[in-house]
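A structural walkthrough
Next come the chains, spelled out residue by residue.
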Amino acid sequence: MSDALTSPTRDEVKPEEITSQSIATRLQGANDRKSDGNDYFRQSKWNEALVTYQAALNLLPKRRDSRKETTRPSDEDEEGSPGPSSSNLPETQTKEDEDVEKDVPEHVTTEAVEDVPMTEDEQKEVTELRSVLFSNIGACHVKLGEHKEAVEACTQALKDKPTYEKALQRRASSNEVLDTWSSLTAAQEDYNTLLQVLQPGPQRSEIEGKLRKLKPRIEVAQKRETSEMLGKLKGLGNSLLGNFGLSTDNFKFEPNGQGGYAVNFVK
């Protein structure tokens, strides 16, 4: 498993050594490891890239949400910068491999950061880099076929940067692969968010097409899971009623004309 690997390019830094370093030093180290991770990603070395991005995250102050819960550090696209989202999943030698995000967009969240002395610019850079790293970690999980983990990583990226296009696209694509009622609904929400942030063009048209295809899939998943749930409930009911010589077939639900149902007992 990739978690058992160590960062192949940089010396491992102990937690106590990290906290004693200045923010500038930690940012430099994180950026160096992000570059290493990008190189591994372009070489299709997904595990090595994943571990290296995680090592970069470990150098950054941890984010705390409004409920005071400490979250894992974030990951970004294999390229090291958000840039214009060219695809839901990073591809080798795509724009994601080349773009490096340098400017911090205005919509990046800068509150809820670990209590470490830093300037406003440093705080913005930490938040931006953390989001990028989480998104990149999500990209690695996608390549490894670990779509649940990809969704989790992209969710962390979006906590820092709610309209991060690449993270939204990756999370939506992985949720489509998971193919459950809830995951497909979540993908639909992400695609709708993308329509609000994307400029008119081919990419926006592509998202609109995905939304059209997603609607019938959500309906099918809803019916399938509802049927499965009712089947399980019926089985549970029959196991209990069987002790009294009854079954759920003895109870009929009929509309009462007032928007509800009446339960009738049938021998």
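The paragraphs below set out a description of the structure included in this document.

Quick notes on the rules
Residues numbered from 1 in each chain as written. Predicted model: local features only at pLDDT ≥ 70, side-chain atom pairs only at ≥ 80, totals over all residues. Heavy atoms only, no water. Helix = DSSP H or I, 4+ residues; strand = E, 2+ residues; numbered from the N terminus. Buried < 20%, exposed > 50% of the residue type's maximum accessible area, 1.4 Å probe, protein only. Contact = heavy atoms within 4.5 Å. Phe/Tyr/Trp six-rings, centres within 6.5 Å; stacked < 30°, edge-to-face > 60°. Lys NZ or Arg CZ within 6 Å of the ring centre and 35° of its normal. Expected span 1.5 Å × (residues − 1). Axes fitted to C-alpha atoms, helices over the stretch in contact; angles between N-to-C directions. Parallel < 35°, antiparallel > 145°, perpendicular 65-115°, else oblique. Left-handed = near helix turned anticlockwise from the far one by under 90°.

This next bit is on the overall build of the protein chain. Summing up its helical and strand segments, the protein chain has nine helices and two strands in all. In the protein chain, the succession of helices and strands from N to C terminus is α-α-α-α-α-α-α-α-α-β-β. Across the 267 residues that make up the protein chain, the buried fraction comes to 42%. Nonlocal contacts in the protein chain, meaning residues at least 24 apart in sequence, comprise 63% of its contacts between residues at least 6 apart.

Our next topic: the packing of aromatic side chains. Summed over all chains, the structure comprises one aromatic pair. Between Phe41 and Trp46, the ring centres sit 4.9 Å apart and the planes meet at 65 degrees, which makes this aromatic pair edge-to-face. Both residues of the pair, Phe41 and Trp46, count as buried. Taking the ring centre of Tyr164 as reference, the NZ or CZ of Lys161 above it sits at 4.1 Å.

Looking now at helix 2 (residues 23-42). For helix 2, built from 20 residues, the straight-helix expectation of 28 Å at 1.5 Å per residue is met to within 8% by its first-to-last C-alpha distance of 28 Å. Within helix 2 the residues assigned to the buried category are Ile23, Arg26, Leu27, Gly29, Ala30, Arg33, Lys34, Asp36, Gly37, Asn38, Tyr40 and Phe41. In the segment just after helix 2, Ser44 is the residue with positive phi, at about 65 degrees.

Before going further, it helps to spend a moment on the environment of Val197. Of note, Val197 is situated in helix 8 (residues 181-197). By relative accessible area, which is 25% here, Val197 ends up partly exposed. Distance in space between the C-alpha atoms of Val197 and Thr163 is 7.1 Å, their sequence separation being 34 residues. Once residues lying within four places of it in the same chain are set aside, the contact partners of Val197 are Thr163 and Glu165.

Counting through the fold element by element, Leu133 comes out in helix 5 (residues 120-143). Among the residues examined, Leu133 registers a relative accessible area of 0% and is labelled buried. Spatially, the C-alpha atoms of Leu133 and Leu50 are 9.5 Å apart, while their sequence positions differ by 83 residues.

Take unusual backbone geometry next. The phi dihedral of Ser44 is positive, around 65 degrees, even though this residue is not glycine. For Asp179, which is not glycine, the phi dihedral falls at a positive 60 degrees. Within the fold, Asp179 resides in the loop between helix 7 (165-178) and helix 8. Residue classification places Asp179 among the partly exposed positions, given a relative accessible area of 32%.

A few words now on the packing of helix 2 against helix 3 (residues 46-58). The angle between the axes and the distance between the axes are what describe a pair of packed helices. The geometry of helix 2 relative to helix 3 is characterised by a closest axis approach of 8 Å and an angle of 170 degrees between their N-to-C directions. Classified by the angle their axes make, helix 2 and helix 3 are roughly antiparallel. Contacts between helix 2 and helix 3 pair Ala30, Arg33, Lys34, Asp36, Gly37, Asn38, Tyr40 and Phe41 from the former with Trp46, Glu48, Ala49, Thr52, Tyr53, Ala55 and Ala56 from the latter.

Two elements in contact, helix 7 and helix 8, have axes whose closest approach is 8 Å; the angle formed by their N-to-C orientations is 155 degrees. Taken as axis vectors, helix 7 and helix 8 run roughly antiparallel relative to one another. Note that helix 7 runs across helix 8; the crossing there is left-handed. Packed against helix 7, whose contacting residues are Glu165, Leu168, Gln169, Arg171, Ala172, Ser173, Asn175, Glu176 and Leu178, the element helix 8 presents Ser183, Leu184, Ala186, Ala187, Asp190, Tyr191, Thr193, Leu194 and Val197 at the interface.

Distances and angles like these do not, on their own, reveal function.
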